[in-house]
Amino acid sequence: MSRGGSGGRTRVKTAKKRTAQSTRWLERQLNDPYVKRAKAEGYRSRAAYKLIELDERFGFLKGTRRVVDLGLAPGGWSQVVRRQVPKAAVAGIDLLPVDPIDGVSIIEGDFLDDAAPGQLIEALGGAPDLVLSDMAANTVGHPQTDALRTMALVETALAFAIDTLDQGGDFVAKVFAGGADSELVAEMKRNFTTVKHAKPPASRKGSVEWFVVAQGFKGRAATATDEPGDSDEP
């Protein structure tokens, strides 16, 4: 490794066993201010700041009592919840193993398994008032396929939120560029008072990710005849 360029930028030499692409990724990581900040502040990933910035705009963490974290690994979002609302119960699930986080019930498993929703609610000790989803499907290199697979996860996360949220609760999920599709947005508008799209500053400019924030769950008595909530385009 060497330092060069303006502002002491770290440059990485290409090693024999490292591809040029992985070298560029490593160099970007080493020079990413969010990566440096996460390390300094004890967060497991830079993704923590995406949630912090979304909360600064939408205020969904204030007053929460029970939070579900879908796609938990490596745990940055749950860390944020625990720091912002220390009294909130948190339960999360991921296919990958996650090191323990104080105050967080961690389930290693597939959210798509039939037993997963019940396990989360049992671990949480009651209905959530906030469902977070940072889930994304493993990419196959075909943008349309990748987007469809991730949107299928968002649909499943939304169905879980609608089935379990307390009235007035919120749903926050990662989506791809262009935001949630029209049918999914319509479903959110039927069930939530407001639906907004956002790309927080911590989300890299070159990334295709956006986030959808649905707030004010109307309750399971909501029907398709309800007046739709406010929405904006990403």
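Parameters and conventions
- Residues numbered from 1 in each chain as written.
- Predicted model: local features only at pLDDT ≥ 70, side-chain atom pairs only at ≥ 80, totals over all residues.
- Heavy atoms only, no water.
- Helix = DSSP H or I, 4+ residues; strand = E, 2+ residues; numbered from the N terminus.
- Buried < 20%, exposed > 50% of the residue type's maximum accessible area, 1.4 Å probe, protein only.
- Contact = heavy atoms within 4.5 Å.
- Areas by Shrake-Rupley, 256 points an atom, 1.4 Å probe, with all protein chains shown as cover.
- Expected span 1.5 Å × (residues − 1).
- Salt bridge = Lys/Arg side-chain N within 4 Å of Asp/Glu carboxyl O.
- Phe/Tyr/Trp six-rings, centres within 6.5 Å; stacked < 30°, edge-to-face > 60°.
- Lys NZ or Arg CZ within 6 Å of the ring centre and 35° of its normal.

Asker: Explain the overall build of the chain to me, using residue names and the numbers behind them.
Answerer: A tally of regular secondary structure across the chain gives seven helices and 10 strands. Counting over 234 residues, the chain shows a buried share of 47%. For the chain, long-range pairs separated by at least 24 residues make up 61% of all intrachain contacts whose partners lie at least 6 apart in sequence. Counting every atom, the chain has about 12,300 Å² of accessible surface; 51% of that belongs to carbon and sulfur.

Asker: Any chance you could break down helix H3 (residues 47-58) for me, citing the residues and the numbers?
Answerer: Between the first and last C-alpha of H3 there are 17 Å, a value that for 12 residues agrees with the 16 Å anticipated at 1.5 Å per step. Burial of H3 is extensive: 10 of the 12 residues sit out of reach of the surface. The set of residues buried in H3 consists of Ala-47, Ala-48, Tyr-49, Lys-50, Leu-51, Ile-52, Glu-53, Leu-54, Asp-55 and Phe-58. On its buried side, H3 packs onto helix H2 (33-41), helix H4 (76-84), strand S6 (130-133), strand S7 (170-176), strand S8 (192-198) and strand S9 (209-217).

Asker: Could you give an account of the environment of Glu-183, with specific residues and numbers?
Answerer: Its place among the elements puts Glu-183 in helix H7 (residues 182-191). Assessed through its relative accessible area of 66%, Glu-183 is described here as exposed. Spatially, the C-alpha atoms of Glu-183 and Glu-155 are 10.0 Å apart, while their sequence positions differ by 28 residues.

Asker: Explain the side chain of Ser-45 to me, using residue names and the numbers behind them.
Answerer: With respect to the helices, strands and loops of the structure, Ser-45 is situated in the loop between H2 and H3. Residues contacting Ser-45, with those up to four places away along its chain left out, are Ala-38, Pro-74 and Gly-76.

Asker: Tell me about the pattern of salt bridges, and please be specific about residues and values.
Answerer: Side chains carrying opposite charge are able to pair once their charged atoms draw close together. Evaluation of the coordinates by the stated rule reveals eight salt bridges. Taking the shortest distance from any N to any O, the salt bridge between Glu-209 and Lys-50 comes out at 2.7 Å. Placement of Glu-209 in strand S9 and of Lys-50 in helix H3 is noted, with a sequence separation of 159 residues between them. The same class applies to Glu-209 and to Lys-50, which are both buried. Here Glu-209 and Lys-174 are joined by a salt bridge, their closest N and O atoms 3.9 Å apart. Here the residue Glu-209 occupies a position in strand S9, and Lys-174 occupies one in strand S7, the gap between them amounting to 35 residues. With relative accessibility at 7%, the residue Glu-209 sits in the buried group. Accessibility expressed as a relative area gives 13% for Lys-174, which makes it buried.

Asker: So what's going on with the packing of aromatic side chains? Residues and values would help.
Answerer: Within this structure, the stated rule accounts for five aromatic pairs. With 5.5 Å between their ring centres and 85 degrees between their planes, Tyr-43 and Tyr-49 make a pair best called edge-to-face. Assessed through its relative accessible area of 11%, Tyr-43 is described here as buried. Here Tyr-49 falls in the buried class, since its relative accessible area comes to 1%. Ring centres of Phe-111 and Phe-160 lie 5.6 Å apart, and the angle between their planes is 90 degrees; this geometry places the pair in the edge-to-face category. Taken as a pair, Phe-111 in the loop between strand S5 (104-108) and helix H5 (116-124) and Phe-160 in helix H6 (residues 143-164) lie far apart in primary sequence, 49 residues in all. For the pair Phe-111 and Phe-160, a shared accessibility class is recorded, and that class is buried. Three or more aromatic residues joined by ring pairs form one cluster here, namely Tyr-34, Tyr-43 and Tyr-49. One Lys or Arg, Arg-83, reaches over the ring of Tyr-43 and ends 4.0 Å from the middle of that ring.

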